[in-house]
Amino acid sequence: MRITREEMVRILQMHDPPVTNKLVLDAMSRVPRHEFVDENLISRAYNDSPLPIGHYQTISQPYMVAKMTELLNPNPHMTVLEIGTGSGYQAAVLAEIVKKVYSIERIPELAEKAEQNVKKMGYQNIVIRVGDGSVGWPEMSPFQGIIVTAGAPSIPNSLQEQLDIQGKLVIPIGPMEFQVLQVITRLKDDFETKQYFQCRFVPLIGIRGWREGG
Ligand code: SAM
């Protein structure tokens, strides 16, 4: 069944827990997800499921994109770092809300395609680079939010350290098979960790993630 973007946004509000943040729901209604998938997948672009983008990677499920964005508590003054650019869709959703998005992708071909996607759509506030995002982007820190769209075995210290005070790191943590979505908030002298629900992401591969090949 072909689902429209409007229907997809309604479905996001019916999940448990639902997506309720208006800024996030409006961003999800504005970003054309069909522009971020291959032509042969366009009919499924607004289904609430991940889709392949090549190189054994996926564009995440719309619910996960919306929920992770909501958990950042985004506002127009924020600078956000995304790890795992993939198609560029999550970066575009963030760019609709926040001031600036830095995004790192380890696979050069995906980074290049994502760059083309966001340029074509006219986003001026997204900067994409190729590299190992598990170590973050210290030169551009501190970030008011960091979102990791790949599963990590443990919380990378490097990312926590690049958070601003009150900044949030949203990251799936756990074994390769499944993870738990966690939100780490930087307090003045400490970090606070909250656990949300179970999820399943492709692995974060890098110095502070999994080793290539498992
Ligand atoms: N956010 C993406 C989107 O909107 O299309 C989906 C991301 S996909 C689920 C995860 C991505 O993380 C993949 O493209 C993968 O290559 C990338 N990745 C894995 N480890 C990484 C690392 N250490 N640094 C940067 N990117 C990484």
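The rules behind these values
- Residues numbered from 1 in each chain as written.
- Predicted model: local features only at pLDDT ≥ 70, side-chain atom pairs only at ≥ 80, totals over all residues.
- Heavy atoms only, no water.
- Near = heavy atom within 4 Å.
- Polar contact = N/O pair within 3.5 Å; in protein donor to acceptor, adjacent residues only side chain to side chain.
- Areas by Shrake-Rupley, 256 points an atom, 1.4 Å probe, with all protein chains shown as cover.
- Helix = DSSP H or I, 4+ residues; strand = E, 2+ residues; numbered from the N terminus.
- Nonpolar A, V, L, I, M, F, W, Y, C, P; charged D, E, K, R; others polar.
- Pairing = 2+ DSSP bridges.
- Axes fitted to C-alpha atoms, helices over the stretch in contact; angles between N-to-C directions.
- Contact = heavy atoms within 4.5 Å.
- Buried < 20%, exposed > 50% of the residue type's maximum accessible area, 1.4 Å probe, protein only.
- Right-handed = clockwise from strand over helix to strand, strands pointing away.
- Phe/Tyr/Trp six-rings, centres within 6.5 Å; stacked < 30°, edge-to-face > 60°.
- Lys NZ or Arg CZ within 6 Å of the ring centre and 35° of its normal.

Enquirer: What is the right way to look at the site of the ligand in this model?
Expert: The immediate surroundings of the ligand are formed by 28 residues, with Glu 82, Ser 87, Glu 105, Gly 133 and Ile 205 found nearest. Contact distances for the ligand include 2.9 Å between a nitrogen atom and a side-chain N or O atom of Glu 82. Within the backbone of Gly 84, a nitrogen or oxygen atom sits 2.9 Å from a nitrogen atom of the ligand. The protein chains hide 99% of the 610 Å² of surface that the ligand would expose on its own. Contributions of two or more residues to the shell around the ligand are made by strand 2 (57-59), strand 3 (79-83), helix 4 (89-95) and strand 4 (100-105). Broken down by element, the shell around the ligand gets its largest block of residues, three residues, from strand 2. Taken together, the residues that form the shell around the ligand break down as eleven nonpolar, 13 polar and four charged.

Enquirer: Whenever I open this one, the sheet that holds strand 9 (residues 191-199) confuses me. Can you help?
Expert: In sheet architecture, strand pairing relies on hydrogen bonds along the backbone and comes in two forms, parallel and antiparallel. Taken together, seven strands build an open sheet; the order of strands is 5-4-3-6-7-8-9 and the sheet is mixed. At either margin of the open sheet sits one strand with a lone partner, and together these are strand 5 (126-130) and strand 9. Neighbour to neighbour, the strand axes of the sheet diverge by 15° on average, direction disregarded. As paired strands, strand 3 and strand 6 (residues 143-148) are joined by four bridges and run parallel to one another. Its bridge partner being in strand 6, Leu 81 is matched across the sheet by Ile 146. Across the sheet, helix 3 (residues 62-71) touches strand 6, strand 7 (163-173), strand 8 (179-186) and strand 9, and the angle it forms with strand 9 is around 165°. Those strands touched by helix 5 (residues 108-120) are strand 4 and strand 5, and its axis lies near 165° from that of strand 5.

Enquirer: Where do I start with the pairing of strand 3 in this structure?
Expert: Moving residue by residue along a regular strand, the side chains alternate between the two faces of the sheet. Here strand 3 lies mainly inside the structure; five of its five residues are buried. The alternating pattern of strand 3 places Thr 79, Leu 81 and Ile 83 and Val 80 and Glu 82 on opposite faces, both of which are buried. Here strand 3 runs beside strand 4; their pairing, made up of five bridges, is parallel. Note that in strand 4 the partner of Glu 82 across the bridge is Ser 103. Crossover connection from strand 3 via helix 4 to parallel strand 4: handedness right-handed.

Enquirer: Before we go on, may I ask you to explain the packing of aromatic side chains in this structure?
Expert: The way to describe two aromatic rings as a pair is by their centre distance and the angle between their planes. Considering all chains together, one arrives at four aromatic pairs under this definition. Centre to centre, the rings of Phe 36 and Tyr 89 are 5.6 Å apart; their planes meet at 70°, and the pair counts as edge-to-face. Of this pair, Phe 36 sits in the loop between helix 2 (22-30) and strand 1 (51-54) while Tyr 89 is found in helix 4, placing the two residues 53 residues apart along the sequence. A residue is classified by how much of its surface remains accessible, and Phe 36, at 4% relative accessible area, is buried. Cluster of aromatic residues (ring-pair linked, three or more members): Tyr 102, Trp 137 and Phe 143. Between Arg 33 and the ring centre of Tyr 89, over which it is positioned, the NZ or CZ distance is 5.7 Å. Positioned over the ring face of Trp 137 is Arg 129, at 4.6 Å from the centre of the ring.

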